[in-house]
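Structural description and commentary
Here's the letter readout for the chains.
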Amino acid sequence: MKMAQNKLETQIKEKLNSREINPTEKAWDRLDAMLSVAEQKPKKQSFKFIGIAASVLLFLSIGFYNFNKNKTEIQTIENVVVNEAEKEATQENSSINQNNTQNQKKINKIINQKTQQLVQINQNQKVNISNPLINKDTEIEHQNTEVIAQKEMPKISFQEKIVQQKTVSVNVDDLLASVEKPTKKETKSTIKVNYNSLLSQVDGELDRTFRQKVIDKIAKNYQEVKVAIANRNQE
Amino acid sequence: MKVINLYQQENEIIEQAVEHNRHAQHLIYSKFSPKMLSVCRQYIKDVHQAEDVMITAFMKVFTNLKNFKHEGSFEGWIRRIMINECISFIRVQKKVKFIDDENYFEESFNNIESQFSVEDIQFLIDSLPDGYKMVFNLYVIEGYKHQEIATLLGINEGTSKSQLSHAKKMLQNNISKLKNYENGTE
């Protein structure tokens, strides 16, 4: 009996296991299509992942930007302060320049006075009738005096001595005529000299005051910003 | 040597198929699909439906191919996937409900020594209700134990046993009917 059971069961098992049913040709095409769809899905998922990563990065960067924005604002405030300080400094510079020009004007006046004195001195000298050559000489002398005057004003007395040593007889009118023109030159040239020297003298003072003022301003504004930030943080 | 070569070849093909090599996948498919369609046909009467189930099962084979540990035969692994797919198809499509029936008696085939054709055997199995059919196939043909069948189908072990005895009884009746039919025609 049992053998028969087993026989039938084994017969069923063997026959069914040895059976093969060939699927239709379309079956592989369908599987092929399903496989290619399934292979595309992971790519899409990867794209999704990239998208998610990109959006996260974007949000992070926006957050970072907003976070840093406060800092940049503070920086701009500081810059403004500096600029204001610079403006003030430039204003001071301009005022100093005005002073310089005023000083120069004063100096020019002094120079004119001195030249007048020179002329007077020349007039005082008893001068012979004018010679064109002498006139030229006088012009040269005047030019010399100009040059010397440009360099150092206090040494005009020395120039006077030089002029006196040379003792040239000059026509008063010619002298006046010759002197009038050079005086213009003198004013121009003296401006240059005085400008440079004054600048060189003033620069040091300027720098000091400018730095000190800027530092003071920055310190003040820094304190203000500090207080503002502290208040903001407290809020 | 030939066996070793074949085994190595199979492993190489599997590795290629894991890398979505369509040629390797087609090789695996063409090697196993006739047998696997036969397996699916045991559970599903309609050949086209059986083929559909086989295709979806092959999809699972290829998507889970990287999980194949090379323990046991590759064919056995594919076969288990096929059977699971057939069972889930039957349970979803046909909504098979197992009635808890612990009352059963060991049904045994009578003295049947006559030879049957595969078509006859399939006809006999097809005549069984889906619940009986599944348990009979799993127990007799696949060699599963009742405990395994119970967990696979989500039923009690006793239910599995009673289902098998009912299946055998029904088969016995059908075989005698078939024999009578054959005798009658003779």
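Definitions and cut-offs
- Residues numbered from 1 in each chain as written.
- Chains lettered and ligands numbered in written order.
- Predicted model: local features only at pLDDT ≥ 70, side-chain atom pairs only at ≥ 80, totals over all residues.
- Axes fitted to C-alpha atoms, helices over the stretch in contact; angles between N-to-C directions.
- Helix = DSSP H or I, 4+ residues; strand = E, 2+ residues; numbered from the N terminus.
- Parallel < 35°, antiparallel > 145°, perpendicular 65-115°, else oblique.
- Left-handed = near helix turned anticlockwise from the far one by under 90°.
- Contact = placed C-beta atoms within 7 Å.
- Buried ≥ 20, exposed ≤ 12 C-beta atoms within 10 Å, placed from the backbone.
- Arc of directions from axis to C-beta.
- Nonpolar A, V, L, I, M, F, W, Y, C, P; charged D, E, K, R; others polar.

**Some thoughts on the packing of helix 2 (residues 22-43) of chain B against helix 3 (residues 47-63) of chain B**
Residue and element names in this part refer to chain B. Orientation of helix 2 relative to helix 3, taken along the N-to-C sense of each, is 135°, at an axis distance of 9 Å. Judged on the interaxial angle alone, helix 3 and helix 2 are oblique. Remark: the crossing between helix 2 and helix 3 carries right-handed chirality. Two secondary-structure elements touch here, helix 2 through Gln25, Tyr29, Ser33, Met36, Leu37, Cys40 and Arg41 and helix 3 through Val47, Ala50, Glu51, Val53, Met54, Phe58 and Phe62.

**Concerning helix 5 (residues 118-126) of chain B**
Those residues of helix 5 of chain B lying buried are Ile121, Gln122 and Ile125 of chain B. Considered in projection along helix 5 of chain B, the buried side chains sweep an arc of 95° and stay on one side of the axis.

**Quick word on the interface of chain B and chain A**
Facing 30 residues of chain B, the contacting portion of chain A comprises 26 residues. Elements with a minimum of two residues in the side of chain B that touches chain A: helix 2, helix 3, helix 5 and helix 6 (130-141) of chain B. Sort the elements by how many residues they give to the side of chain B that touches chain A and helix 2 of chain B lands first, with 11 residues. Per-class residue counts for the side of chain B that touches chain A are 15 nonpolar, 10 polar and five charged.

**Some thoughts on the environment of Leu124 of chain B**
Residues and elements named next belong to chain B. Mapped onto the elements, Leu124 comes out in helix 5. Residue Leu124 is classed as partly exposed on the basis of its 19 C-beta neighbours within 10 Å. With 48 residues separating them along the chain, Leu124 and Gln172 place their C-alpha atoms 9.3 Å apart. Every residue in contact with Leu124, bar those within four places of it in the chain, is listed here: Leu171, Asn174, Ile175 and Leu178.

Everything listed is a geometric property; what it means functionally is a separate question.
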